[in-house]
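Chain by chain, the residues:
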Amino acid sequence: MIKTRKDLKFYLQEDAKANRMEGCSLLKYWVRLFIGSEAAHVYKYLKVLRHCEYHCNNDGIINKMLYKYYKVRLHRLGFKYNIRIPENICGYGLSILHIAGCGGCLVNAKKVGNYCKLQTGVLMGNTNHSEDEKPTIGNNVGFGPGAKVLGKVTIGDNCFVAANAVVVKDMPANSVIGGVPAKVIKTI
């Protein structure tokens, strides 16, 4: 959770590393945005998400006003890139690949760990509208295109969910998961 400016800076640095934007000057960043670099556009979305989280977690009238501003920007970018990630869900080092593909990302989870990689068409959520029925994702989990995680499931650390897999039950750490319904294909 981002509570201080130091936390915000750390999250932004880790997100930049994960999306190949580390050490990029402001001019290079704007040029990459202009020419349509996916990494730059994803990082733009993540910067707004992280600022929204920072202002959400802090008190004060200025933080409340800035939270509303960043929340509107987050929704607008979400519609533009077809990405939906609520505040304070994802850990640092989040990477989103191929947003120009056939679908965006919907992350409606209880918690997503650090250094997770999402690809186009990834869907995480509950099968009904209960807050308790959301998935929990560990650290260093990668998702292939079109992967889905539905219901109250837990995916352990260091897993990879293969393309178009549908996860509906708990999965152990250090495994490759695939199929419909998903099962452990291989232990790493």
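Up top you'll find the structure we're talking about.
Report on the accompanying structure. Given the structure is predicted, the values throughout are model-derived calculations rather than measurements.

Notes on the packing of helix α3 (residues 38-56) against helix α4 (residues 61-81)
In helix packing, the relevant descriptors are the interaxial angle and the interaxial distance, both defined with respect to the helix axes. At a minimum axis separation of 8 Å, α3 and α4 run at an interaxial angle of 150°. Here α3 lies roughly antiparallel to α4, going by the angle between them. Relative to α4, α3 is oriented so that their crossing is left-handed. Contact residues: α3 offers His41, Lys44, Tyr45, Val48, Leu49, His51, Cys52, Tyr54, His55 and Cys56, while α4 offers Asn63, Leu66, Tyr67, Tyr70, Lys71, Arg73, Leu74, Leu77, Gly78, Lys80 and Tyr81. For the contact of α3 with α4, the class distribution of residues is twelve nonpolar, five polar and four charged.

Overview of the sheet that holds strand β10 (residues 154-155)
Taken together, the three strands give an open sheet; going across it, the order is β4-β7-β10, and neighbouring strands pair in parallel fashion. In this open sheet, the two edge strands, each paired with only one partner strand, are β4 (111-112) and β10. In terms of strand pairing, β4 meets strand β7 (residues 136-137) through two bridges, oriented parallel. Bridge pairing in β7 links Val112 to Ile137.

Let's talk about the pattern of salt bridges
Overall, the coordinates contain four salt bridges when judged by the stated rule. The closest approach of N and O atoms between Glu14 and Lys17, which form a salt bridge, is 3.2 Å. One end of the pair, Glu14, and the other, Lys17, are both in helix α1 (residues 5-18), three residues apart, so they sit about a helical turn from each other. We classify Glu14 as buried; its relative accessible area is 8%. On the basis of relative accessibility, which here comes to 43%, the residue Lys17 falls in the partly exposed class. What emerges from the salt-bridge pattern is a single network uniting Asp15, Arg50 and Glu53.

Some points on the environment of Tyr54
Within the element layout of this structure, Tyr54 appears in helix α3. Assessed through its relative accessible area of 10%, Tyr54 is described here as buried. Sequence spacing of Tyr54 and Gly146 is 92 residues, and the spatial spacing of their C-alpha atoms is 30 Å. Once you skip the residues sitting within four places of it in the chain, Tyr54 turns out to touch Ile2, Lys3, Thr4, Arg5, Leu8 and Asn63.

Some details on the state of the cysteines
One way to say it: the disulfide is the covalent bond shared by the sulfur atoms of two cysteines. Applying the stated criterion across every chain, the model contains zero disulfides. Free of any disulfide, Cys116 has its nearest cysteine sulfur in Cys90, 7.3 Å distant. The class for Cys116 is buried, based on a relative accessible area of 0%. Here Cys159 is not disulfide-linked; the sulfur of Cys116 is the nearest cysteine sulfur, at 9.9 Å. Relative accessible area serves as the criterion here: at 4%, Cys159 is assigned to the buried category.

Points about α1
Relative to the 20 Å expected for 14 residues at 1.5 Å per residue, α1 spans 20 Å between its end C-alpha atoms, a close match to the ideal helical length. All buried positions along α1 are accounted for by Leu8, Tyr11, Leu12, Glu14, Asp15, Ala16 and Ala18. Each element contacted by the buried residues of α1 is listed here: α3 and β2 (95-96). Two residues or fewer after α1 comes Arg20, characterised by a positive phi angle close to 60°.

A short note on the pairing of strand β13 (residues 175-178)
The pairing of strand β11 (residues 160-161) with β13 spans two bridges and is parallel. The residue of β13 that forms the bridge with Val161 is Ile177. Relative to strand β14 (residues 183-187), β13 runs antiparallel, the two being bridged by four bridges. From the neighbouring strand, Gly178 faces β14, where its bridge partner is Lys183. Here β13 hands over to β14 after four residues, with Gly179 in that stretch at a positive phi of 105°.

Rules behind the numbers
- Residues numbered from 1 in each chain as written.
- Predicted model: local features only at pLDDT ≥ 70, side-chain atom pairs only at ≥ 80, totals over all residues.
- Heavy atoms only, no water.
- Axes fitted to C-alpha atoms, helices over the stretch in contact; angles between N-to-C directions.
- Helix = DSSP H or I, 4+ residues; strand = E, 2+ residues; numbered from the N terminus.
- Parallel < 35°, antiparallel > 145°, perpendicular 65-115°, else oblique.
- Left-handed = near helix turned anticlockwise from the far one by under 90°.
- Contact = heavy atoms within 4.5 Å.
- Nonpolar A, V, L, I, M, F, W, Y, C, P; charged D, E, K, R; others polar.
- Pairing = 2+ DSSP bridges.
- Salt bridge = Lys/Arg side-chain N within 4 Å of Asp/Glu carboxyl O.
- Buried < 20%, exposed > 50% of the residue type's maximum accessible area, 1.4 Å probe, protein only.
- Disulfide = S-S within 2.5 Å.
- Expected span 1.5 Å × (residues − 1).

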